[in-house]
Amino acid sequence: MFWTEDEFIKNMRNALGWVKYSRQLNQEQMSAVLHTNGPLWVLAGPGSGKTELLIWKLFKLIFVDGVDPQTIFLTTFTEKAAKNMFNRIITYYNNLLKHGFDCIKNVDISSLKIGTLHSLCNSILVEYRYDNYHTKRLMDENESSYFFYKYVTMTKSGSQGPSDYFWEYFFEKRPYSKWQRVNYSKILLSRITEDLIDVEKLQNSDDIFMQELAEYYIQYKQSLNHRDRCDFPTVQQLFLKFLNEEEGEKFIQGDMERDLPPIKYVLVDEYQDTNPIQEEIYFRMTELISPSDCNITVVGDDDQAMYRFRGATVDSLIFFGERVKERFGKIPTKIQLKRNYRSHPAIIDWFNSYIANMPEMQIKGARAPGKERMISAKHFQENWNPIAIIEGSSLTDTAEKVAEFIQSIINFRDEKNEKIIDDPSQIVILSQSTRETSRNVGSFVESLRRRGVPVYNPRNRKIHETTEVKQLLGAYIEIIDKNNSELSENDHVLRISTRVKDFIQSCRREYQNLITSQGGIDKLLNYVSQSQLKIESAPPNKKFDATFHRIFLRLLNCPPFSEYLSDPVISPRYGIISAQIEAFNTVYSNYLVKSSTINSLKRNLLRDFYTVFCGQILNSGLNDVEDIDYPILPGRVQIVTYHQSKGLEFPIVILLGLTKQYRVGISYKLERMLSEYRKNPLQLESDELRAAQDMIRLYYVGQTRAKYCLIFADKELNKWKYSLGFDEKGEKRFSLNWLENNNIPVYR
Amino acid sequence: MSIRQFKDIPREKLELSRPLRKYSIIGDVLSYLLCPRQYGYFKVRNIVPSAQGQLFFGEVIHNVLDRVHLHYRKTNENQSNSLPTENEIDQYFDIVSKALKSQGIRPLSKSLEQRARKLIKQFVFTFGHTLFPRVKDTEHKLQIQTSLDNGLDYILHGVVDVLFYNYEDGNISNEKVEIWDYKGGRIPDEQYLKNYEFQMLVYSFLFKQKNGFYPEENVLFFIGEMDRESNLGLSAEELLDRCTVKVKIDEQKIKHAMKKFEEAVEKIEDEYNRPFDKQWLAPKVKPPETMCATCDIRWSCENPNGKFELSGL
């Protein structure tokens, strides 16, 4: 015990420099911070200081209630979020120390258990050596794809795997390649784990496809076990099993001998993105800690739930109250952080109306109960009209107008000759996709570039579509396959799809272009030709001391690739490729071996590289392009997807893609189809409704990013139903009349 | 379109935030001091290196010994105080080895794999009875957050292989603890040994921060020393002596080590502030020869220790 509540608040305000600005926690934040025991349900709207709240809450537990940091379990949705949270915690702690609060010196604040749930599960299972877990390899997404490709029966074709009818039943179409089968399999099998589907129920189902699915699931689990591997869904499943056994109880209660402390508090951030198995893990932990104390705090915003396609269920947050009551007999304290410290009041008004008045969001269960409108808590000295509409006659016309606007903003000087914005990177364009095609942001980028406005869109292409990666792969392909084997017809070993063929050819072309047009690449030329020679002149069956990975690394020593490593945008891409290669290597070992019959490498090695490796990168598109960490480059206007923008804020936000209708993706259907097989069956709304609600949430996130300017830009204003929505009276906001009457400038 | 609508928006300066970094003694600081370029490319820029052979030997020994300790503790709870049998050690070894191989971490040769197996057994049967009862904890995590003189915050962490109780008249005392680190190889040259000593001194500092007192002793145990032919005829005690290097707890030395650590962290932090293409350049002082000889990017290095020409495959 160190401080009283009052002392704590005073000391924190001092240490954080709040006193001189008379800054305080607001009423709702204060209630949430001072709340100690019992379940807490925090609905944190955009810009409401959610992270601030969590940190204060943690500190209050530690410095007022005397809770040992090691007994606190805090999860975030991404590793990045965990790092950021952790950073801030350490910074605040150090500020307290610097302000002379020595009494807290011996608190080991960094012993807090923070991370994504699957990473915490992983480290705990390793620490407790549960079920030989520590000898297993936890595969990331890439590796698990290769694993599925090679070992999971469900991905096989013909009579060995599912029939076309099976696939059509679930996905409404047939997979066009083995990699598609891998994707589909992963989606189905991870859902079974994450939605807590009862496999026995599946097996006993009248539905033959469900029965079949159950068998594939069992085989998949066996493969994982047999090969000492684990994936993210499975590690959570294992952790739940652990919690239901003696060892898990010991983990919660602590092992004093080994200096392993108990768990006393569970805090979950971004709770709207929790899936069923995670919810069960949190509830089970709470139960083991003390069902009467019920020390679980969840924080999130259901209106910003964007990850259903990854299996997240917003219901966990919306129905938290009901579920806690049912499970623990307690009613959680519900606190809504409704003060927004980010945006101009008119922007807040705008998005308040947006979310409240969309008919789909007024249905029961669409939003957490009792949601109030956000209130502006930031004081602005000046006033201005922060919202504007740009309606072009076409997308290209819209792009021109947007570019003109951006250029003017950047060049503008006021009476004092000051700029409006300090740096172009304070202007952000949000779009559903960052691809520079004509239907997406292509014309916007073009218009900006033509005006000499620097643009930063590092995720404009999938990595394998970039020149630098193709050149590198092209060089490798030239080494291992000088003879263009991908083009040979009638080769029963090398049956390569057209898509892969085209890709390989494209890489070769890029490499050829490189060596004919660029100078200073002798090192590369020598390396390639010497390697080719070594292969050609080797005797049959010779095993080379070289692997794909090793050759890739050698190539990185040659210009231009060595120079690319000094480029802040290309370097992360090479890092990703190197991880892909490593993932490939863990499943497909590939020392190069000369063929026994022909003057090239063994056909099956080429096949593995072409159909498996190249097939995979074409298939995944290096999947979560969004998850790649590109550095922020000042001096350039940013282009970002709605998804990526979550959690961020910008002075000027321009929203695109406003005419979109909601799309009922396959995840809605699958969620519904499988829901009756859950351990606790769930009633779901229609697919269309859920899809529409998710689309609305997406636009809501976009609108809530803006601090000072919110600009909507697209063609065909009358189609902006889902992006502009309705007012309190139900009147369409996406009409010129309405906008005029409400003083929203429209530029056409 | 008129931007006059927005001419009164608040003027906001662009702020680039600096993330807080976590530094491990071996993984970050020693690695950087030995070669900033390798550190930059493989640790920071996430290029995956190829040289995994050395890794297998150290990893298999660590992991199997860890399981052996666990085995001992578990049987200890059931009051049988038993070391694992040779068979059981073989089983552990096989499980660990298989798992490492499935991760792409392979032994350089079969004979080296066999050697690792033998060494582990030798260690367990020679020292198990005297050492294992004294184990307080294994894979013990140490971590503190602190800041540089210039105010930059960072976190320092490390993992101790084994914490042993230090016997005081044959009685276990909670206040007297030893930090041990297992090394798979043989006692190295002065320059490498210095690095290990540095590591133990920093561990001692972390230990004191966490527990309020220094460990009694820091011990580096070089398992690779055990199978030297010249060891024949030595008693267990003498063998223990041969294989270990003790690092004295000396406050001055610890202070010096921490200063060196901080300087390294400062240097690393400085790198991040440089323009992207001026970061992680080759060091002016050449790294050890063996390091450069197996480095994946030695052919494009400005200052390698040795002459390297890239030839095919």
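Per an unreviewed UniProt entry, chain B is named PD-(D/E)XK nuclease family protein, and its organism is Candidatus Heimdallarchaeum endolithica.

The name an unreviewed UniProt entry gives chain A is DNA 3'-5' helicase, with Candidatus Heimdallarchaeum endolithica as the organism. Regarding chain A, the relevant UniProt record gives this comment under Sequence similarities (unreviewed entry): "Belongs to the helicase family. UvrD subfamily."

The subject of this paragraph is the overall build of chain B. From N to C terminus, chain B includes nine helices and six strands. Along the longest, intermediate and shortest principal axes, the C-alpha atoms of chain B span 85 × 55 × 40 Å. Within chain B, contacts between residues at least 6 apart in sequence are counted, and of these 68% link residues at least 24 apart.

As a further point, take the overall build of chain A. Along the backbone of chain A there are 30 helices and 19 strands. Over its C-alpha atoms chain A spans a radius of gyration of 28 Å, differing by no more than 12% from the 27 Å that the globule rule assigns to 748 residues. Structurally, chain A occupies a C-alpha span of about 80 × 70 × 60 Å along its principal axes. In chain A, which comprises 748 residues, the share counted as buried stands at 47%. For chain A, the proportion of contacts with a sequence separation of at least 24, taken over those separated by at least 6, is 79%.

What follows deals with the pairing of strand S17 (residues 650-655) of chain A. All names here are of chain A. Of all six residues making up S17, six are buried, and the element is well covered by its neighbours. By the bridge criterion, four bridges tie strand S12 (residues 427-431) to S17 in an arrangement that is parallel. Paired with Ile427 across the strands is Ile652, a residue of S17. Both S17 and strand S18 (residues 706-715) contribute to a ladder of five bridges, which runs parallel. Bridging across to S18, Ile652 finds its partner in Cys709.

Let us now look at the sheet that holds strand S11 (residues 387-392) of chain A. All names here are of chain A. Here we have seven strands laid out as an open sheet, ordered S13-S16-S12-S17-S18-S11-S19, and parallel in their pairing. Looking along the sheet, the strands with just one partner apiece sit at the ends: strand S13 (455-456) and strand S19 (746-747). Direction of pairing for S11 relative to S18: parallel, over a ladder of six bridges. Pairing of Ile389 across the sheet is with Phe712, part of S18. Across the sheet, helix H17 (residues 395-411) is in contact with S11, S12, strand S16 (637-641), S17, S18 and S19; its angle to S11 comes to roughly 140 degrees.

Residues and elements named next belong to chain A. Between helix H6 (residues 141-151) and helix H8 (residues 178-194), the least distance of the axes is 10 Å, while the angle of their chain directions is 110 degrees. Relative to H8, H6 is oriented roughly perpendicular. Seen from above, H6 lies across H8 with right-handed handedness. Two secondary-structure elements touch here, H6 through Ser145, Phe148 and Tyr149 and H8 through Lys178, Val182, Ser185 and Lys186. Residues that form the contact of H6 with H8 fall into these classes: three nonpolar, two polar and two charged.

It is worth spelling out the sheet that holds strand S3 (residues 113-116) of chain A at this point. Residue and element names in this part refer to chain A. Taken together, the six strands give an open sheet; going across it, the order is S3-S2-S6-S7-S1-S8, and neighbouring strands pair in parallel fashion. Looking at the sheet topology across the chains shown, the edges are occupied by S3 and strand S8 (333-337). This sheet shows a mean twist of 15 degrees between the axes of neighbouring strands, independent of strand direction. Alignment of strand S1 (residues 40-44) against strand S7 (residues 296-300), held across four bridges, turns out to be parallel. By the bridge assignment for S7, Leu43 is matched with Gly300. Across the face of the sheet, helix H5 (residues 117-127) comes into contact with strand S2 (72-76) and S3 while running at roughly 125 degrees to S3.

This brings us to the packing of helix H20 (residues 498-517) of chain A against helix H25 (residues 603-620) of chain A. Residues and elements named next belong to chain A. Between H20 and H25, whose axes approach to 10 Å, the crossing angle comes to 85 degrees. When the axes of H20 and H25 are compared, the pair comes out roughly perpendicular. Touching Arg499, Val500, Phe503 and Ile504 of H20 are Tyr610, Thr611, Cys614, Gly615 and Leu618, all from H25. Grouping the constituent residues of the contact of H20 with H25 by class yields six nonpolar, two polar and one charged.

Now for the interface of chain A and chain B. Counting residues at the interface gives 70 residues for chain A, matched by 45 residues for chain B. For the side of chain A that touches chain B, the elements supplying multiple residues, two or more each, are helix H4 (79-98), S11, H17, helix H21 (522-537), strand S14 (543-547), helix H22 (548-555), helix H24 (570-587) and S18 of chain A. The element that contributes the greatest number of residues to the side of chain A that touches chain B is H24(A), accounting for eight residues. The residue makeup of the side of chain A that touches chain B, split by class, is 27 nonpolar, 22 polar and 21 charged.

Looking now at the UniProt feature "binding site: ATP" (unreviewed entry) in chain A. All names here are of chain A. When the UniProt feature table is mapped onto this chain numbering, "binding site: ATP" (unreviewed entry) sits at Ala44, Gly45, Pro46, Gly47, Ser48, Gly49, Lys50 and Thr51. In this fold, Ser48 is placed in the loop between S1 and helix H3 (50-63). Looking at Ser48, the number of C-beta atoms within 10 Å reads 25, which means it is buried. With 22 C-beta atoms packed within 10 Å, Lys50 lands in the buried category. Sequence-distant contacts of Lys50, defined by excluding residues within four places in its chain, comprise Ala44, Val299 and Leu337.

Now for the domain arrangement of chain A. Its domain assignment divides chain A into domain 1 (5-126 + 239-337), domain 2 (140-230), domain 3 (375-460 + 631-747) and domain 4 (463-621). The distance between the C-alpha centroids of domain 1 of chain A and domain 4 of chain A comes to 47 Å.

Ranked by internal contacts, the top residues of the largest apolar core, which has 214 residues, are A:Val42, A:Tyr476 and B:Ile120. Dropping the residues within four chain positions of it, B:Ile120 is found in contact with B:Ile61, B:Val64, B:Leu65, B:Ile89 and B:Phe93.

Residues and elements named next belong to chain A. For the bond running from Pro559 to Pro560, omega is 0 degrees, close enough to zero to count as cis. Within the secondary structure, Pro560 is located in the loop between H22 and helix H23 (561-564). A positive phi angle, near 50 degrees, is found at Asn484, a position not held by glycine. If you trace the backbone, Asn484 turns up in the loop between helix H19 (467-480) and H20. You will see that Asn743, though not glycine, has its phi angle at about 60 degrees, which is positive. Secondary-structure assignment places Asn743 in the loop between helix H30 (736-741) and S19.

Criteria and thresholds
- Residues numbered from 1 in each chain as written.
- Chains lettered and ligands numbered in written order.
- Predicted model: local features only at pLDDT ≥ 70, side-chain atom pairs only at ≥ 80, totals over all residues.
- UniProt positions renumbered as here; feature names shortened; annotations may be inferred.
- Helix = DSSP H or I, 4+ residues; strand = E, 2+ residues; numbered from the N terminus.
- Contact = placed C-beta atoms within 7 Å.
- Rg over C-alpha atoms; globule rule 2.2 N^0.38 Å.
- Buried ≥ 20, exposed ≤ 12 C-beta atoms within 10 Å, placed from the backbone.
- Pairing = 2+ DSSP bridges.
- Axes fitted to C-alpha atoms, helices over the stretch in contact; angles between N-to-C directions.
- Parallel < 35°, antiparallel > 145°, perpendicular 65-115°, else oblique.
- Left-handed = near helix turned anticlockwise from the far one by under 90°.
- Nonpolar A, V, L, I, M, F, W, Y, C, P; charged D, E, K, R; others polar.
- Domains from an automatic or database assignment.
- Core = buried A, V, L, I, M, F, W, Y, C linked by C-beta atoms within 7 Å.

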